[in-house]
Amino acid sequence: MEPIKEWPGSASRWDRARHSLGGGVSTGLRATMPPHPIYFDHGAGSRLWDVDGHEYVDFVLGWGPVLLGHSNPAVLDAVAAQLHRGQTYGSGHDGEFEVAERVCKIVPGIERVLWSNTGTEAVQVALRLARAATGRSRFIKFEGHYHGWSDPMLLAYRPAEDGRLDTLGSRGQLGRSLEDVHTLPWGDIDTVRQVLGDPSTDIAAVFTEPALCNSGVIPPPPKFLDDLRDACDEFGVLLIFDEVITGFRIAYGGAIERYGVKPDLAIFAKAIANGFPLAAIGGRADLIDQTVHGVVHAGTYNGNPIVLAAAAATLDELGQADTYSRLDSLGVRLAHGLGKTFIKHGINAAINQLGPVVQCAPDIVELTTFPEFLRSNWSLYDTIVLELLRRGVFALPGGRWYLSAAHTDVDIDRAIAAMNDALGSEAVEQARSKLSEVQP
């Protein structure tokens, strides 16, 4: 197909949006999408159609949530049925406990569930529960791990302009947020134990992505999660898994099932309701039940019946016998194909894959740590993303590719062909030439 030259419909809407929306977008990261935010009209299965009439194979999937694909019929039917029964009640309904019972059955070690709306909110609740249970204030998080954009958590995720990680992540963020956290390199259990063993550190919890999906799709080092579990038990600290990405995605029971390590609390979002805004905090009954013993957990939209109808249908669909083997097979096919394509064009690239999540990191040969992720050539990758978009493939900056149950081998082959064409394009050649000119 002829590469797309421009997007006049999206460009005009982008200009208009900046007069009414802050920054022209509903969430800041969307403004980073080259060449500008693309405005979409509709989606079905693995495909999206923009306002200019262009069709794309979608590997963004709403930044992760749409695990079944767009407009999944079972989810739409469940939501449509609930719409006629009411939008929200301000009181209890059967869906609240029915879906909670499903989560407790699916995910090992989950005894209770709290409903929330976003991962950022759910992380805040988990931190409050940990502080209440332990009587301590501070926590450990790891470099490169993302736990939402709240003041306590938006730290050591991406380096500042001077390369430092021990700085605030946003203007307007409370400076004292740095006082409540120990940020450590992921995978170094000796450093974790050293911090936990010092009573003056006052640690209530250790937060971790069980697999580092936000910064490289990196699996945990061997035995690290087990060692974290043992260290937290020894020092009376809560272990909290952020499964916003991994939950219900890399296995039906998420990373807890896949790696066999049970945290005290876990946070779920994204894939649980196939694009509807739902998050959950699950874990030990004694910790969750603190919410009726003085720990405030509130939210007008918590447990919304429409969203939980979507979640029930999503869990039904994900529970089909071959769902996860097929998702993994698609991930392997995409990772293998992308890797071969970079080799063909003489470009080093590390390709990681964990179930239906694939990471592409150009100009490095291995990706097993966060510092390696930072060394990748993201300027070059931004050019590649734009060239993919011109060829009908919608992909994220930062190298992460999401796959859905609606993707097919044909979609994967189309993406690989688009990558081959993009890497051979004049724009990518120019980007590589400019890089070689500035390198010593």
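Residues numbered from 1 in each chain as written. Predicted model: local features only at pLDDT ≥ 70, side-chain atom pairs only at ≥ 80, totals over all residues. Heavy atoms only, no water.

S.K.: Explanation requested: the sheet that holds strand S7 (residues 203–208) in the structure shown.
M.R.: Across a sheet, paired strands are connected by hydrogen bonds in the backbone, their directions being either parallel or antiparallel. Spatial ordering of the open sheet is given by S4-S10-S9-S8-S7-S5-S6, a layout of 7 strands whose pairing is mixed. The sheet is open, and its two edges are formed by strand S4 (112–116) and strand S6 (181–184), each paired on a single side. Direction aside, the axes of adjacent strands within the sheet are offset by 20 degrees on average. Across 4 bridges, the pairing between strand S9 (residues 265–268) and strand S10 (residues 279–283) is antiparallel. Its bridge partner being in S10, Leu 265 is matched across the sheet by Gly 283. (Pairing = 2+ DSSP bridges. Helix = DSSP H or I, 4+ residues; strand = E, 2+ residues; numbered from the N terminus. Axes fitted to C-alpha atoms, helices over the stretch in contact; angles between N-to-C directions.)

S.K.: Help me understand the environment of Leu 330, please; the structure alone is not making it clear to me.
M.R.: Tracing the chain through its elements places Leu 330 in helix H10 (residues 323–344). Leu 330 gets classed as buried once you look at its relative accessible area, which sits at 3%. Each C-alpha atom, one on Leu 330 and one on Glu 209, is 23 Å from the other, the two residues being 121 residues apart in sequence. Once residues within four sequence positions are removed from consideration, Leu 330 is found in contact with Leu 403, Ser 404, His 407, Thr 408, Asp 409 and Ile 412. (Buried < 20%, exposed > 50% of the residue type's maximum accessible area, 1.4 Å probe, protein only. Contact = heavy atoms within 4.5 Å.)

S.K.: In this structure, what is going on with helix H12 (residues 378–390)? I would like to understand it.
M.R.: Each full turn of the α-helix corresponds to 3.6 residues, which orients residues three or four apart in the same direction. When the terminal C-alpha atoms of H12 are compared, their 18 Å separation across 13 residues agrees well with the 18 Å that a helix rising 1.5 Å per residue should span. Listed as buried for H12 are Trp 378, Leu 380, Tyr 381, Ile 384, Val 385, Leu 386, Glu 387, Leu 388, Leu 389 and Arg 390. With a side-chain oxygen lying 3.4 Å from the backbone nitrogen of Ser 379, the N-terminal cap of H12 falls on Asn 377. (Expected span 1.5 Å × (residues − 1). Polar contact = N/O pair within 3.5 Å; in protein donor to acceptor, adjacent residues only side chain to side chain.)

S.K.: Please clarify how unusual backbone geometry should be interpreted in this entry.
M.R.: Most peptide bonds adopt trans geometry, and most residues besides glycine take a negative phi value. One non-glycine residue, Leu 61, adopts positive backbone phi at about 55 degrees. Looking at the element boundaries, Leu 61 is found in the loop between strand S3 (55–58) and helix H2 (73–83). Residue classification places Leu 61 among the buried positions, given a relative accessible area of 0%. Backbone geometry places Val 217, a non-glycine residue, at a positive phi of 50 degrees. If you trace the backbone, Val 217 turns up in the loop between S7 and helix H6 (224–235). In this structure Val 217 comes out as buried when scored by relative accessible area, which is 1%.

S.K.: For this particular structure, what's the right way to read the side chain of Thr 246?
M.R.: Assignment of secondary structure puts Thr 246 in the loop between strand S8 (238–243) and helix H7 (254–259). In terms of polar contacts, Thr 246 uses its side chain to reach the side chain of Glu 243, at 2.7 Å. Beyond its immediate chain neighbours, meaning those up to four positions away, Thr 246 contacts Pro 210, Ala 211, Cys 213, Gly 254 and Ala 255.

S.K.: I keep staring at the pairing of strand S5 (residues 138–142) and nothing clicks. Help me out?
M.R.: A regular strand carries its side chains on alternate faces of the sheet. Within S5, 5 of the 5 residues are buried, leaving the element largely enclosed by the surrounding structure. Of the two faces of S5, both are covered, the one formed by Arg 138, Ile 140 and Phe 142 as well as the one formed by Phe 139 and Lys 141. Alignment of S5 against S7, held across 3 bridges, turns out to be parallel. In the strand pairing of S7, Ile 140 is matched with Val 206. Pairing analysis gives 4 bridges linking S5 to S6, with the strands arranged parallel.

S.K.: Sorry if this is basic, but what is going on with helix H13 (residues 409–423) here?
M.R.: Compared with an ideal rise of 1.5 Å per residue, which puts 15 residues at 21 Å, H13 spans 21 Å between its outermost C-alpha atoms and is within 8% of the ideal. The set of residues buried in H13 consists of Asp 411, Ile 412, Ala 415, Ile 416, Ala 418, Met 419, Ala 422 and Leu 423. Buried residues of H13, seen end-on, are gathered within an arc of 160 degrees and therefore sit on one face of the element. (Arc of directions from axis to C-beta.)

S.K.: What is the right way to read the sheet that holds S3 from this model?
M.R.: The mixed open sheet is built from 4 strands, whose spatial order is S1-S2-S3-S13. Lying at the two open borders of the sheet, with one neighbouring strand each, are strand S1 (40–44) and strand S13 (393–394). As paired elements, S1 and strand S2 (residues 47–50) share 4 bridges and run antiparallel to each other. Bridge pairing in S2 links Phe 40 to Asp 50. Against the sheet, H13 makes contact with S2, S3 and S13, and its axis sits at roughly 105 degrees relative to S3, the strand it touches most.

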